[in-house]
Amino acid sequence: MGEPRNRYSTVSLVLHWGIAAAVLIQVLLITAHENTEGPLSGQFVMLHKSLGLTILVATLARIGWRLAHPAIALPSDLPRWQKVAARATHVLFYLALIVIPMTGWLASSAGGRAIQWFGLFEWPLLPIGGGREAARGLMAVHGLAVKGLYVLIALHVLAALKHQFIDRDNVLHRMIPLIPRRP
C-alpha cells in the first residue's frame, strides 16, 4: 500500500479553480448587465447564460470525476463535526452549481428566450411552458440559490484560511499548488 495522497489530481484542480473563476466572472457579467443598457447589456446576458451552462457541464464532469476519484481523507485529528460540515458544504456546492444554471436554463426555456452559446450555436431550450410567470418564479429560485452560493463560498474560504493559519494542517496545500507542504 502506497503513501496516502496529499494533493488533488490535476483534473480536480482544473475543475475546482475553473469553476471558481467562472463563478466570479458570472458575478462580473451580471453586474455589468445591470449597469448597462441596450445591445451591450444583452451581450452580457448572453455571455452570462453561456458561462452558466458551461458551469453546469463542468460541475457534472466534476461530480463524475469525484465519484471515480474519491476525495482525499480529511486530517484524522479533525473533530467529527468539522468533517461533517466539510462534506455537507461540498454537497451543497454541487447542488447549488447544478440548481443555479438549471433554473436559469428553465427560466429562459419557459420564457421562450433563445440561448446562443457564446454565439457559436443555439443551445436547446427545455420543453417547459408557463411563459413570463413561470420564468419569474424560476428566476426567484435562481436568485435565492445564488445567495446560498455566496454563503457557501464565504464558509469555504474562511475554513480554508482557518486550516492554513490556525490549524496549520496542510489542508489548503492540497488545492493550491503554490503553497508548500508543511512538515
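Below, the discussion takes up helix 1 (residues 10-34). The terminal C-alpha atoms of helix 1 lie 36 Å apart, and with 25 residues this matches the ideal 36 Å at 1.5 Å per residue to within 8%. By the burial criterion, the buried members of helix 1 are Ser 12, Leu 13, Leu 15, His 16, Ile 19, Ala 22, Val 23, Gln 26, Leu 29 and Ala 32.

Before going further, it helps to examine the pattern of salt bridges. The tally for this structure, following the rule as stated, stands at 2 salt bridges. A salt bridge links Arg 136 to Glu 133, with the shortest nitrogen-to-oxygen separation between them at 3.3 Å. Note that Arg 136 and Glu 133 are positioned in helix 4 (residues 131-167) at a spacing of 3 residues, about one turn of the helix. Residue Arg 136 is classed as exposed on the basis of its relative accessible area, which comes to 53%. Of the residues examined, Glu 133 reaches a relative accessible area of 59% and is grouped as exposed. Across the pair Asp 167 and Lys 162 runs a salt bridge, and its minimum N-O distance is 2.4 Å. A residue is classified by how much of its surface remains accessible, and Asp 167, at 30% relative accessible area, is partly exposed.

Bringing unusual backbone geometry into the picture now. Look at Arg 168: it is not a glycine, yet its phi comes out positive at around 50 degrees. Tracing the sequence through the fold places Arg 168 in the segment after helix 4. Judged by relative accessible area, Arg 168 falls into the partly exposed class, the value being 48%. Phi angles above zero are rare outside glycine, and Asn 170 is one such case at about 70 degrees.

Here we come to the packing of aromatic side chains. Within the structure shown, the criterion is met by 4 aromatic pairs. Ring geometry for Trp 117 and Phe 118: centres 4.8 Å apart, planes at 80 degrees, overall edge-to-face. Geometrically, the ring pair formed by Phe 121 and Trp 123 is stacked, given 6.3 Å between the ring centres and 20 degrees between the ring planes. Within the aromatic cluster, the residues linked to one another by ring pairs are Trp 105, Trp 117, Phe 118, Phe 121 and Trp 123.

Moving on, we get to the environment of Gly 104. The residue Gly 104 is located in helix 3 (residues 80-110) in this model. Residue classification places Gly 104 among the buried residues on the basis of a relative accessible area of 17%. Distance in space between the C-alpha atoms of Gly 104 and Ala 160 is 30 Å, their sequence separation being 56 residues. Setting aside residues up to four positions removed in sequence, Gly 104 forms contacts with Met 139 and His 142.

This brings us to the side chain of His 16. Mapped onto the elements, His 16 comes out in helix 1. Residue classification places His 16 among the buried positions, given a relative accessible area of 12%. For His 16, the contacting residues outside a window of four places in its chain are Arg 62, His 156 and Met 175.

Moving on to the nonpolar core. Soluble globular proteins tend to pack their nonpolar side chains together in the buried interior. Counting residues in each nonpolar core, the largest one holds 17 residues, and the members touching the most others are Ile 19, Val 23, Ile 55, Leu 97, Ile 100 and Leu 149. Among the secondary structure elements, those contributing two or more residues to this core are helix 1, helix 2 (38-68), helix 3 and helix 4. Per element, the largest residue contribution to this core is 5 residues, and it comes from helix 1.

Position of Thr 59 among the secondary structure elements: in helix 2. Taking the relative accessible area as the measure of exposure, Thr 59 reaches 0% and is therefore buried.

About the cut-offs
Residues numbered from 1 in each chain as written. Predicted model: local features only at pLDDT ≥ 70, side-chain atom pairs only at ≥ 80, totals over all residues. Heavy atoms only, no water. Helix = DSSP H or I, 4+ residues; strand = E, 2+ residues; numbered from the N terminus. Expected span 1.5 Å × (residues − 1). Buried < 20%, exposed > 50% of the residue type's maximum accessible area, 1.4 Å probe, protein only. Salt bridge = Lys/Arg side-chain N within 4 Å of Asp/Glu carboxyl O. Phe/Tyr/Trp six-rings, centres within 6.5 Å; stacked < 30°, edge-to-face > 60°. Contact = heavy atoms within 4.5 Å. Core = buried A, V, L, I, M, F, W, Y, C linked by side-chain atoms within 4.5 Å.

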